[in-house]
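What follows is each chain in one-letter form.
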There are 2 protein chains.
Amino acid sequence: MATPLFPKVQTFNTESLGHGQWLTLEKLDYQDNNGIRRSWERCVRNNTSFTGADAVDLQVQLITPTHTHMLFVIQYRPAIESYVVEFPSGLIDPKESPVEAARRELREETGFDVDAASIQLSKRPVCYEPGLTNSTCYMGRVTIHVDDVTDLPKPQLEDDEWSLRTVVLPLNGLLKHLEDLEDRCVIDSRVYSFALAVTNL
Amino acid sequence: MATPLFPKVQTFNTESLGHGQWLTLEKLDYQDNNGIRRSWERCVRNNTSFTGADAVDLQVQLITPTHTHMLFVIQYRPAIESYVVEFPSGLIDPKESPVEAARRELREETGFDVDAASIQLSKRPVCYEPGLTNSTCYMGRVTIHVDDVTDLPKPQLEDDEWSLRTVVLPLNGLLKHLEDLEDRCVIDSRVYSFALAVTNL
């Protein structure tokens, strides 16, 4: 009999190894396709939105009459003890839909107030680091037409976003522009993956 | 006086909230630019390679005389209790360089044995989910010329990779091909970010 492509796997015995205000460290047991019992450890967020995803993550293109730029945010990330270049993103609030969260985060982090219809999100959540966490986001894109990238709206930051600022980089030569920031910032892997695609295809 | 673009931030009082064999949950305090003391929680890997990064992550292009495809892996990921579509990737072993790890993981997960010189890695580690973990990888790309994508080498899997198999998808229409897998798998965010770039640029 052929092995099914996606054999069913059962998780059992989830045990907390440590619990914080925001995150929990868990050990879980599961049984593989051959009946072998295995263990894994993972980090889970304590508050997950009703949507089943934790966050939204938006690729923001700024198009002027002559050029295309990408809009990123740079902020200090205590978890990695560094400034990081990321797509605008944020956690989905309770009772918020993914598109509402994407609109709100874009408005707060970049000052751009866009129509919900202009935001195209993934149909399903995508995962951040599936070897380590069950954390997921809806990932999407929005295209914004502007006259000039030197005159952009002001972010409306929350108190815990004290370090956040926007950065606009030309799509042409994006990887090189990001590498120029690497002495001072870590590049987020989703941003880097995007830049590799843009540069090499 | 102008605010410096990247003001220095000091971390202190890192405290373990829970410790597993592979992961630790930590609470840390830090002081922001205005002298305000803040807290954060993060998940860290217990064993980090001497390179300062945890893993490697490779965009693998397969080029035939007529088409370009991308080579992905699908495996069961207990942390998220789902099969996941990812770029070939893996943890860097102790004493291994990032390029050696990339060669080894590519050979194990896909069967392709490539020259080290053909692997182009990021100059610095990039981060996986900087709101939650300090985990990082060297991300890169490799282009492999093949006659036919239906006749590929056999992976050389380790015991804990019991569920792993490769999947080859055409670069043309990549996002749609990935979405066709979403009923059975979660898409990794780096893969999704790449596919969005390919589709929309």
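- An unreviewed UniProt entry lists chain A under the name Nudix hydrolase domain-containing protein, with Hesseltinella vesiculosa as the source organism.

1. Things to note about the environment of Glu26(B)
Then, in step 1: The topology assignment puts Glu26(B) in strand β2 (residues 23-31).
Then, in step 2: Using a relative accessible area of 14% as the deciding quantity, one classes Glu26(B) as buried.

2. Side note on the relation of the copies chain B and chain A
Then, in step 1: Superposition of chain B onto chain A requires a rotation of 180 degrees combined with a translation of 0.0 Å along the rotation axis, giving an RMSD of 0.0 Å. Between the two chains, the operation in question is that of a two-fold axis. When C-alpha distances to the rotation axis are compared across chain B, the minimum falls at Gly18(B), with a value of 1.9 Å.
Then, in step 2: Most of the interface of chain B is mirrored in chain A, where 100% of its interface residues again form contacts.

3. Topic: the pattern of salt bridges
Residue and element names in this part refer to chain A.
Then, in step 1: Applying the stated rule across the entire model yields 30 salt bridges over all chains.
Then, in step 2: Between arginine 104 and glutamate 108 there is a salt bridge, and its shortest N-O distance comes to 3.4 Å. Linking arginine 104 with glutamate 108, this pair stays in helix α1 (residues 98-110), spanning four residues, or about one helical turn.
Then, in step 3: For glutamate 108, a relative accessible area of 11% translates into the label buried.
Then, in step 4: Between lysine 176 and aspartate 180 there is a salt bridge, with its nearest N and O atoms 2.9 Å apart.
Then, in step 5: With relative accessibility at 44%, the residue aspartate 180 sits in the partly exposed group.

4. Points about the interface of chain B and chain A
As a measure of interface size, the accessible area lost when the parts come together is often cited.
Then, in step 1: Opposite the 80 residues of chain B that make contact, chain A presents 80 residues.
Then, in step 2: Each partner contributes to the roughly 7,200 Å² buried at the junction of chain B and chain A, and carbon and sulfur atoms together form 61% of this total.
Then, in step 3: When residues of chain B are sorted by the area they lose upon contact with chain A, Phe6(B), Ala79(B) and Trp162(B) head the list and together hold 10% of the total.
Then, in step 4: In this structure, the connection of chain B to chain A is made through eight salt bridges.
Then, in step 5: Joining chain B to chain A, the criterion identifies 38 residue pairs in polar contact (both at pLDDT 80 or more).
Then, in step 6: Looking at side-chain class alone, the side of chain B that touches chain A contains 40 nonpolar, 19 polar and 21 charged residues.

5. Some details on the pairing of strand β6 (residues 82-86) of chain B
Residues in a regular strand project their side chains so that they alternate between the two faces of the sheet.
All names here are of chain B.
Then, in step 1: The element β6 is largely enclosed, with a buried count of five among its five residues.
Then, in step 2: Taking every second residue as pointing to the same face, both faces of β6 are buried, with Ser82, Val84 and Glu86 on one and Tyr83 and Val85 on the other.
Then, in step 3: Note: strand β5 (residues 68-77) against β6, five bridges, orientation antiparallel. Of the residues in β6, the one forming a bridge with isoleucine 74 is valine 85.
Then, in step 4: Two elements, β6 and strand β12 (residues 185-187), share three bridges in a ladder whose sense is parallel. In the sheet register, valine 84 faces β12, and the bridge partner there is valine 186.

Conventions adopted
- Residues numbered from 1 in each chain as written.
- Chains lettered and ligands numbered in written order.
- Predicted model: local features only at pLDDT ≥ 70, side-chain atom pairs only at ≥ 80, totals over all residues.
- Heavy atoms only, no water.
- Helix = DSSP H or I, 4+ residues; strand = E, 2+ residues; numbered from the N terminus.
- Buried < 20%, exposed > 50% of the residue type's maximum accessible area, 1.4 Å probe, protein only.
- Least-squares fit on C-alpha atoms with pLDDT ≥ 70 in both.
- Contact = heavy atoms within 4.5 Å.
- Salt bridge = Lys/Arg side-chain N within 4 Å of Asp/Glu carboxyl O.
- Buried area = accessible area lost by both parts, 1.4 Å probe.
- Polar contact = N/O pair within 3.5 Å; in protein donor to acceptor, adjacent residues only side chain to side chain.
- Nonpolar A, V, L, I, M, F, W, Y, C, P; charged D, E, K, R; others polar.
- Pairing = 2+ DSSP bridges.

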